[in-house]
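Structural description and commentary
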Amino acid sequence: MKRWSAFIAAVFFAAVCSAQQSAGPEISLKWSPASLLTGNISLHGEYNFGKNSLTAKIGLPTAARHTFAYDGSDVRFVMKATTFMAGYRTYLSKKHMRGLYLEPFFKYVHHS
């Protein structure tokens, strides 16, 4: 798990550094640490060109073990999820990659 965290942090740092140097289309990479609670490591990317962007999100399964009390006894369960999302964003503001946007998207989720 520590290796995945270090790898994702390195990819994020490299993307931020390269995005600051380019004057053309912008690229943004994000990751969601909260998705680890649902059994998923997700990486979200956005490629911006003008007022429009292409987005993609890939989530890889990891085991998330949870325990809760039900009828006086502890219940344990494991969650894993594989996700994929692709979309096309149109920003309504004049700023690139900021503000309100419309995005038709396709999303696939598989829980196991």
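Summarised in this report is the structure supplied together with it. (Residues numbered from 1 in each chain as written. Predicted model: local features only at pLDDT ≥ 70, side-chain atom pairs only at ≥ 80, totals over all residues. Heavy atoms only, no water.)

Moving on to the overall build of the protein. Helix and strand counts for the protein stand at one helix and eight strands. Secondary structure elements in the protein, listed N-terminal to C-terminal, are α-β-β-β-β-β-β-β-β. For the protein, the proportion of its 112 residues judged to be buried stands at 22%. For the protein, restricting intrachain contacts to residue pairs at least 6 apart in sequence, the fraction spanning at least 24 positions comes to 40%. Element-wise, carbon and sulfur atoms account for 64% of the exposed surface of the protein, whose accessible area totals about 8,100 Å². (Helix = DSSP H or I, 4+ residues; strand = E, 2+ residues; numbered from the N terminus. Buried < 20%, exposed > 50% of the residue type's maximum accessible area, 1.4 Å probe, protein only. Contact = heavy atoms within 4.5 Å. Areas by Shrake-Rupley, 256 points an atom, 1.4 Å probe, with all protein chains shown as cover.)

Here Phe106 shows up in strand β8 (residues 105–111). Each C-alpha atom of the pair Phe106 and Gly87 lies 6.3 Å from the other, and the pair is 19 residues apart in sequence. Apart from residues no more than four positions distant in its own chain, Phe106 is found in contact with Phe84, Met85 and Ala86.

With that settled, the discussion passes to a nonpolar patch on the surface. Taken together, the side chains of Ile27, Tyr47, Phe49, Leu54 and Tyr88 define a hydrophobic patch exposed on the protein surface, amounting to about 450 Å² of accessible area. With respect to the element layout, Tyr88 can be found in strand β6 (residues 81–91). (Patch = residues over 30% accessible without salt bridge, like charges linked within 9 Å, V, L, I, M, F, W, Y side chains within 5 Å. Salt bridge = Lys/Arg side-chain N within 4 Å of Asp/Glu carboxyl O.)

Take the environment of Tyr101 next. Examined against the element boundaries, Tyr101 turns out to sit in strand β7 (residues 101–102). The class of Tyr101 is partly exposed, set by a relative accessible area of 33%. In this structure the C-alpha to C-alpha distance between Tyr101 and Tyr88, which are 13 residues apart in sequence, comes to 9.9 Å. Not counting residues within four places of it along the chain, the set of residues in contact with Tyr101 comprises Arg89, Thr90, Tyr91 and Leu92. Engagement of the side chain of Tyr101 in a polar contact is seen with the side chain of Arg89, the distance being 3.2 Å. (Polar contact = N/O pair within 3.5 Å; in protein donor to acceptor, adjacent residues only side chain to side chain.)

On to the side chain of Asn48, then. Examined against the element boundaries, Asn48 turns out to sit in strand β2 (residues 40–49). Since its relative accessible area comes to 2%, Asn48 is described here as buried. Among the polar contacts listed, one links the side chain of Asn48 to the side chain of Ser53, at a separation of 2.8 Å. Filtering out sequence-adjacent residues up to four positions away, Asn48 remains in contact with Pro25, Glu26, Ser53, Tyr91, His96 and Met97.

Below, the discussion takes up the pairing of β6. What you see with β6 is a clean split: Ala81, Thr83, Met85, Gly87, Arg89 and Tyr91 sit on the buried side and Thr82, Phe84, Ala86, Tyr88 and Thr90 on the side with no burial. Relative to β8, β6 runs antiparallel, the two sharing seven bridges. Of the residues in β8, the one forming a bridge with Thr82 is His110. Two elements, β6 and β7, share two bridges in a ladder whose sense is antiparallel. Of the residues in β7, the one forming a bridge with Tyr91 is Tyr101. (Pairing = 2+ DSSP bridges.)

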